Structure formats: structure tokens, C-alpha cells
Amino acid sequence: AQSVAQPEDQVNVAEGNPLTVKCTYSVSGNPYLFWYVQYPNRGLQFLLKYITGDNLVKGSYGFEAEFNKSQTSFHLKKPSALVSDSALYFCAVTMNSGYSTLTFGKGTMLLVSP
Amino acid sequence: NAGVTQTPKFQVLKTGQSMTLQCAQDMNHNSMYWYRQDPGMGLRLIYYSASEGTTDKGEVPNGYNVSRLNKREFSLRLESAAPSQTSVYFCASSERTLGYGYTFGSGTRLTVV
């Protein structure tokens, strides 16, 4: 079985400050890891993914995430938050072998204040 | 634009009514999925189709049926709607190799009264 934990329901940060949205995972074997963003009344949009290679992954809109195998974490980060980054963020995991569906976390609401 | 198209966008049903949610993708993806999104519960997989001609249950399949009509289309049917099925439903598609991730539709907001 595979699972994702996003321990924070909401993260508040001031514009211009760095942000971190936390994600830990559990999966048999090696993982594929993803971050998606959802703006109000929209579908989920792909932000970035970790498949293999460099532990620091860069994605859309200036976001990046760091894969830490020993801590089974894949935290989303951005050096300087924008008000427009306010949205619901989902972490997702699947196994990197065979066929497996994506399992999503419960989501973290990011609120960036002006 | 290429992507995943869901219809309808909004629907209100009475308890016991039936309806079909439609989903089509034009990216030639092999795999398609139906998720429901509920506050505080994230996205939960209802059914998926790894490839044309196959369908499998996900985490919360009770009360739903699916049909993979062809490679492009994957429909979700509620035979007898219940208030517990009030939710936002998302269809997604992907290559069978998951390294490419999913592409999502814009969702169907369903209310059962």
C-alpha cells in the first residue's frame, strides 16, 4: 500500500518570504513523487515531479522540491512567495515499477498575505 | 487546446436519480481515472482504466460504474444517486508509464438533494 501525509491543513506566509509545504510518503520500493496545484473552481495542474536523479527538482512558477529518501519526504519550496501562489497544493506518490495509480495527500491550503 | 474535457460542469440530482458523467481526452493517453474530491479528504480514486478494454476499482467504487467506451472516452455512472455522492468529480488521463503524471479535467460539481 502507498500513502501520502500532508501534515498541515493550511500554511500562512507573507509575500516575499520563503514558503515550505510539507509532504511525507510511504511506498513499497522506490517512488515517483508529484506536486499539483489547484486554484479555486479549477482542476489540478502539474507543478513538478521526482522520478530519479538529482534530489532537488525544479518546476513551474519558481517552485522546487527536495526529495529526501531517508526521511521519506518531498517538501515543496519557493524562495519568495507571491499572493498569486495562494491555492490548494497536493502531493502524490506512486511506485516506480509495474503499474500503479497515483495516491494523493489531503492537500494543504497556502495563503500568501500582501 | 489538447486536454481532458468533462461534461457537465454542474449538476443537481434528486436522491435516487441516475446520471452519467462524461470524460474525453485528446492526448492519445492509454490510462484514464475518475477521482472524487471532498473537503479535508483530498482526492480519492473511484475507478480507473489502465488501458482500453480494462477497468478496475479504486479506493471508493461503491455506488458507481464506469465504461471505457474507446481510447478517448471514459464515463462514470451513478445508478441511484445518494446525498453522500455530493462531491466534485475529476477525470484524469496519463500515459501508462506514470513518470509523465496525470492531466486533469476541470471537474464536475455534483449535488444530490
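Residues numbered from 1 in each chain as written. Chains lettered and ligands numbered in written order. Predicted model: local features only at pLDDT ≥ 70, side-chain atom pairs only at ≥ 80, totals over all residues. Heavy atoms only, no water.

A look at unusual backbone geometry
What counts is decided by this rule: Numbering of helices and strands starts at the N terminus; helices are DSSP runs of H or I of at least 4 residues and strands are runs of E of at least 2. The buried label applies to any residue whose accessible area, calculated with a 1.4 Å probe on protein chains only, is under 20% of its type's maximum; exposed applies above 50%, and partly exposed to all values in between.
Put simply, Thr-7 of chain B and Pro-8 of chain B share a cis peptide bond, and its omega is -10°. With respect to the element layout, Pro-8 of chain B can be found in the loop between β1 (4-7) and β2 (10-13). Although it is not a glycine, Tyr-61 of chain A sits at a positive phi angle of roughly 60°. As for its placement among the helices and strands, Tyr-61 of chain A is situated in the loop between β7 (56-58) and β8 (64-68). We note that Thr-72 of chain A has phi near 45°; this positive angle belongs to a residue other than glycine. Judged by relative accessible area, Thr-72 of chain A falls into the partly exposed class, the value being 30%.

Some details on the state of the cysteines
Which entries qualify depends on this criterion: What counts as a disulfide here is a pair of cysteine sulfur atoms lying within 2.5 Å.
Applying the stated criterion to the full structure yields two disulfides over all chains. The disulfide partner of Cys-23 of chain A is Cys-91 of chain A, and the gap between their sulfur atoms is 2.0 Å. For the disulfide bridge between Cys-23 of chain A and Cys-91 of chain A, the dihedral angle about the S-S bond is near -65°, and by the sign convention the bridge is left-handed. Note that Cys-23 of chain A is positioned in the loop between β3 (19-21) and β4 (24-26) and Cys-91 of chain A in strand β10 (residues 87-95), a separation of 68 residues in sequence. Judged by relative accessible area, which is 0%, Cys-91 of chain A ranks as buried. One disulfide bridge connects Cys-23 of chain B with Cys-91 of chain B, the sulfur atoms lying 1.9 Å from each other.

A look at the interface of chain A and chain B
The line we're drawing: Here, two residues are considered to be in contact whenever any of their heavy atoms come within 4.5 Å of each other. The quantity reported as buried area is the accessible area (1.4 Å probe) lost by two parts once they are put together, taken as the sum for both. Whenever a carboxyl oxygen of Asp or Glu lies within 4 Å of a side-chain nitrogen of Lys or Arg, that contact is scored as a salt bridge. Any N or O atom pair separated by 3.5 Å or less is treated as a polar contact, with the protein-specific requirement of one donor-capable and one acceptor-capable atom, and with residues adjacent in sequence counted only for side-chain atom pairs. Residues were grouped as follows: Ala, Val, Leu, Ile, Met, Phe, Trp, Tyr, Cys and Pro as nonpolar; Asp, Glu, Lys and Arg as charged; and all remaining residues, including Gly, as polar.
Across the contact, 20 residues belong to chain A and 22 residues belong to chain B. Here chain A and chain B share an interface that buries about 1600 Å² over both sides, 60% of which is from carbon and sulfur atoms. Sorting the residues of chain A by area buried against chain B places Leu-44, Tyr-99 and Phe-104 of chain A first, and these three jointly supply 35% of that buried surface. Linking chain A to chain B there are zero salt bridges. Put simply, chain A and chain B have four residue pairs in polar contact (both at pLDDT 80 or more) between them. If you list the elements that add at least two residues to the side of chain A that touches chain B, you get β5 (31-38), β6 (44-50) and β10 of chain A. Across the side of chain A that touches chain B, the residue classes tally to 10 nonpolar, seven polar and three charged.

Quick notes on the pairing of strand β12 (residues 108-113) of chain A
Residue and element names in this part refer to chain A. The following threshold applies: Any two strands with at least two DSSP-identified bridges between them are counted as paired.
On β12, burial follows the alternation: Thr-108, Leu-110 and Val-112 on one face are buried, whereas Met-109, Leu-111 and Ser-113 on the facing-out side are not. With three bridges connecting them, β10 and β12 associate as antiparallel partners. Paired with Tyr-89 across the strands is Thr-108, a residue of β12.

Considerations on the nonpolar core
Among soluble globular proteins, nonpolar side chains are generally buried collectively. Residues and elements named next belong to chain A. Inclusion rule: Buried Ala, Val, Leu, Ile, Met, Phe, Trp, Tyr and Cys residues form a nonpolar core when they are joined through side-chain atoms within 4.5 Å.
With 28 residues, the main nonpolar core has Trp-35, Leu-47, Leu-48, Phe-74, Leu-76 and Tyr-89 as its most contacted residues. Among the elements of the structure, β2 (10-14), β3, β5, β6, β8, β9 (73-78), β10 and β12 are those that each provide at least two residues to this core. With four residues, β10 is the largest single contributor of residues to this core. Those residues in contact with Tyr-89 that sit more than four places away from it in its chain are Gln-6, Trp-35, Tyr-36, Val-37, Leu-47, Phe-63, Leu-76, Gly-107, Thr-108 and Leu-110.

Comments concerning the sheet that holds strand β7 (residues 64-68) of chain B
Residue and element names in this part refer to chain B. Spelled out, the test is: Every axis in this analysis is a line fitted to C-alpha atoms, fitted for helices over the stretch in contact. Angles between the N-to-C directions lie between 0 and 180 degrees.
Strand order across the open sheet formed by four strands is β1-β3-β8-β7, with antiparallel pairing between neighbours. Each having just a single partner strand, β1 and β7 make up the two edges of the open sheet. Within this sheet the neighbouring strands show an average axis-to-axis angle of 15°, counted without direction. Strand direction decides the pairing type here: β1 and strand β3 (residues 19-25), joined by four bridges, are antiparallel. Residue Val-4 lies in a different strand from β3, and its bridge partner there is Gln-25.

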